[in-house]
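Examining the three-dimensional arrangement
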Amino acid sequence: MPETDRPADLPAHVRVAIVGTGFAGLGMAIRLLQAGIRDIVVLDKAGDVGGTWRDNTYPGAACDVPSHLYSFSFAPNPGWSRSFSPQPEILAYLRGCADRFGVGPHLRLGHEVLEARWDVPARRWRITTSRGALTADVLVGGMGPLSEPRVPEVPGLDRFEGTVFHSARWRHDHDLAGERVAVVGTGASAIQFVPEIQPAVRSLHVFQRTPPWVIPRRERAYSDRERWVFRHAPPVQRAVRAGIYWSRELFVLAFTGRRPLSPGAARLAAEHLRRQVPDPELRARLTPDYTIGCKRILISNDWYPALTRPNVEVLTQALAEVRARSVVAADGTERPVDTIVFGTGFHVTDFPAGGRVVGAEGRTLSDVWRDQGGMTAYLGATVAGFPNLFLLIGPNTGLGHNSMVFMIESQLAYVLDCLRYMDRTGTATVDVRPDVQAAYNDELQRSLAGTVWNTGGCRSWYLDASGRNTTLWPDYTWRFRQRTRTFDPQSYVLGRRPVATPTAARAEAVASR
């Protein structure tokens, strides 16, 4: 869906402006169109839809949530090739959804949002993009937490004479064959791309801060017969989806401390490591020293075998310095390298896009959250002082056990019900009450206090700089869906639409110019 295929002109004003074209942004657009709300625009800085599945094209990229659950409930895909979908198939699925549901005419690709500022007198958002400006009654942020790659500040990195890139910005034009490569990070991306590049490179030095718990990837290809059944008997596919959902939902008991994670889980991971890494010294370096579940549990069948190859070295020291043609570990040892690949995740708890969103008091979302001691939002969606702003996959909506698409669809229903309420009652603005937002987040933090994510003895990207968990939802996902099923106007300060008069109409026309 190239940018040149889409209308380049921006409307002067829309009812709803959506930022982002991943599952969240496209899902919001689809649900609005299905509800008959067509006065919308969908903005994205890239030239294609897809969000994180457009950006993360590194070798071996794939989902670690089963295919039939990692998709919209209203758009099942009977054609998944495998039980865990590879990145190209997920991107093709999102492109197909955009076409199938008629999102195309509303897309404005190549339009980076530079600033979104709430206009108090006009009661609307003024949005400045890289290709023009517009206003909107409602702003929906579907950027997601995995959109801005995080590269650590390493002394000397700017003086490196070789090639440097993040896994989320993979350099497909750069051939790694025969090169000496340093990989920084051993998270969900690295365990996928390292086995893919290992056979081609001359040497591979993997800098590991903390070893992950890794369990086998129970994956297989779907047969033609299975795909035929899914296509011609949709209830069968729905039953498979429901089975996957409820089986994963039970894991929340272990993560939240209501029932200890089965010792069998740690034994499974330890046996997986023992079976695939015969060298006891290397196995010791790859053995976690924290409770399983504290960090994201990873699934792979080829990560450990790749690390045992003769051309691979696992370093448990941090990357301390980069020189012109080499990297230096914390113990002072130096290794010559040609390329450095960062698999160091994303800006999750500091949300860089928050610096571009200015609320009713003239302060950015980032400033407000900094003064509050971290990211907070009501239902992960609304923030006091930012009227008519809805964040999708906002603070404390992440999961350690189930599909984020389920959480996204829950928030989509909430936003849509709010818009219906606004239209039905003549409400112009909704601004969550500060006391409601504070009480909700106090409740969240109390629930998180005893979870393995907070007490498991590790440092993960779930926690912000102060050690506060601003990322995860600490309960069953069906309970989140219950809370977001209908809009709750009593939790908001509501602004009514003024009675139309000729004078007011002229003032509104001037304000919109």
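Structure report, in brief.

Conventions adopted
Residues numbered from 1 in each chain as written. Predicted model: local features only at pLDDT ≥ 70, side-chain atom pairs only at ≥ 80, totals over all residues. Heavy atoms only, no water. Phe/Tyr/Trp six-rings, centres within 6.5 Å; stacked < 30°, edge-to-face > 60°. Helix = DSSP H or I, 4+ residues; strand = E, 2+ residues; numbered from the N terminus. Buried < 20%, exposed > 50% of the residue type's maximum accessible area, 1.4 Å probe, protein only. Pairing = 2+ DSSP bridges. Axes fitted to C-alpha atoms, helices over the stretch in contact; angles between N-to-C directions. Contact = heavy atoms within 4.5 Å. Arc of directions from axis to C-beta. Disulfide = S-S within 2.5 Å. Expected span 1.5 Å × (residues − 1). Core = buried A, V, L, I, M, F, W, Y, C linked by side-chain atoms within 4.5 Å. Parallel < 35°, antiparallel > 145°, perpendicular 65-115°, else oblique. Left-handed = near helix turned anticlockwise from the far one by under 90°.

**Brief notes about the packing of aromatic side chains**
A full pass over the atoms with the stated rule returns 23 aromatic pairs. Ring centres 4.8 Å apart and planes at 25 degrees place the aromatic pair Tyr-245 and Phe-406 in the stacked group. Of this pair, Tyr-245 sits in helix H6 (residues 234-249) while Phe-406 sits in helix H12 (residues 404-425); the two residues are 161 residues apart in sequence, bridging distant segments of the chain. Residue classification places Tyr-245 among the buried positions, given a relative accessible area of 6%. Overall, Phe-406 belongs to the buried group, its relative accessible area being 13%. Each member of the aromatic cluster is reached from another via a ring pair, and the members are Phe-23, Trp-53, Tyr-70, Phe-72, Phe-74, Trp-80, Tyr-93 and Phe-101.

**Re the sheet that holds strand S7 (residues 163-166)**
Here five strands make up an open sheet; going across it, the order is S7-S16-S8-S9-S12 and the pairing parallel. Of all strands in the sheet, those bounded by a partner on one side alone are S7 and strand S12 (312-315). With strand direction ignored, the average angle separating the axes of adjacent strands in the sheet is 15 degrees. Of the pairings in the sheet, the one linking strand S8 (residues 180-184) to strand S16 (residues 339-342) comprises four bridges and is parallel in character. Counterpart to Val-181 in the pairing with S16 is Thr-339. Against the sheet, helix H4 (residues 190-197) engages S8, strand S9 (203-207) and S16, with an angle of about 170 degrees to S8.

**Focus on helix H15 (residues 477-484)**
Considered for burial, the residues of H15 that qualify are Thr-477, Phe-480 and Thr-484. Projected down its long axis, H15 shows its buried positions confined to an angular sector of 55 degrees, all on one face. Along its buried surface, H15 packs onto H6, H12 and helix H13 (434-448).

**Observations concerning the state of the cysteines**
A covalent bond between the sulfur atoms of two cysteines is referred to as a disulfide. Evaluated as defined, the whole model comprises one disulfide. Disulfide pairing places Cys-294 opposite Cys-458 at an S-S distance of 1.9 Å. Here the S-S torsion is close to -95 degrees, and the disulfide linking Cys-294 with Cys-458 is therefore left-handed. With Cys-294 in the loop between helix H9 (280-285) and strand S11 (298-299) and Cys-458 in the loop between helix H14 (452-455) and H15, the pair connects residues that are 164 residues apart, well separated along the chain. The same class applies to Cys-294 as to Cys-458, namely buried.

**As for H13**
For H13, built from 15 residues, the straight-helix expectation of 21 Å at 1.5 Å per residue is met to within 8% by its first-to-last C-alpha distance of 21 Å. Here H13 has its buried residues at Val-436, Gln-437, Tyr-440, Asn-441, Leu-444, Gln-445 and Leu-448. End-on, the buried residues of H13 take up no more than an arc of 165 degrees, which puts them together on one face. Looking at the buried residues of H13, the elements they touch are helix H11 (365-372), strand S19 (427-432), H14 and H15.

**With respect to the environment of Gly-457**
Along the chain, Gly-457 turns up in the loop between H14 and H15. In this structure the C-alpha to C-alpha distance between Gly-457 and Tyr-290, which are 167 residues apart in sequence, comes to 5.1 Å. With residues near it in sequence (within four places) discarded, Gly-457 still touches Tyr-290 and Cys-294.

**Comments concerning unusual backbone geometry**
Backbone geometry at Arg-123 places phi at a positive 55 degrees, although glycine is not the residue there. At Leu-379, a position not held by glycine, the phi torsion is positive, near 55 degrees. With respect to the helices and strands, the residue Leu-379 is situated in the loop between H11 and strand S18 (389-391). Its relative accessible area of 1% is what places Leu-379 among the buried residues.

**Digging into the sheet that holds strand S15 (residues 334-336)**
Spatially, S13-S14-S15 is the arrangement adopted by the three strands of the open sheet, whose pairing is antiparallel. The sheet is open, and its two borders are formed by strand S13 (319-323) and S15, each paired with just one other strand. Averaged over all adjacent pairs, the angle separating strand axes in this sheet is 25 degrees, with direction ignored. Taken together, the three bridges between strand S14 (residues 326-329) and S15 define a ladder with antiparallel strand orientation. For Ser-326, the partnering residue across the bridge sits in S15 and is Pro-336.

**A closer look at the nonpolar core**
Counting 67 residues, the largest nonpolar core has Phe-23, Leu-32, Phe-72, Val-103 and Val-140 as its most contacted members. The greatest single-element share of this core, amounting to 13 residues, is contributed by H12. Residue contacts for Val-140: discarding those within four places in its chain leaves Val-16, Ala-17, Ile-18, Val-19, Met-28, Phe-390, Leu-392 and Val-415. Among the nonpolar cores identified, the runner-up in size contains 28 residues, and Val-201, Leu-273, Leu-282 and Leu-307 belong to it.

**Regarding the packing of helix H1 (residues 23-34) against H12**
Relative to each other, H1 and H12 sit at 40 degrees, their axes nearing to 10 Å. The orientation of H1 relative to H12 falls into the category oblique. Crossing of H1 over H12 shows right-handed handedness. The residues of H12 that touch H1, namely those facing Phe-23, Ala-24, Gly-27, Met-28, Arg-31 and Leu-32, are Val-405, Ile-408, Glu-409, Leu-412, Val-415, Leu-416 and Leu-419.

As far as function goes, none of this settles anything; it's purely spatial.
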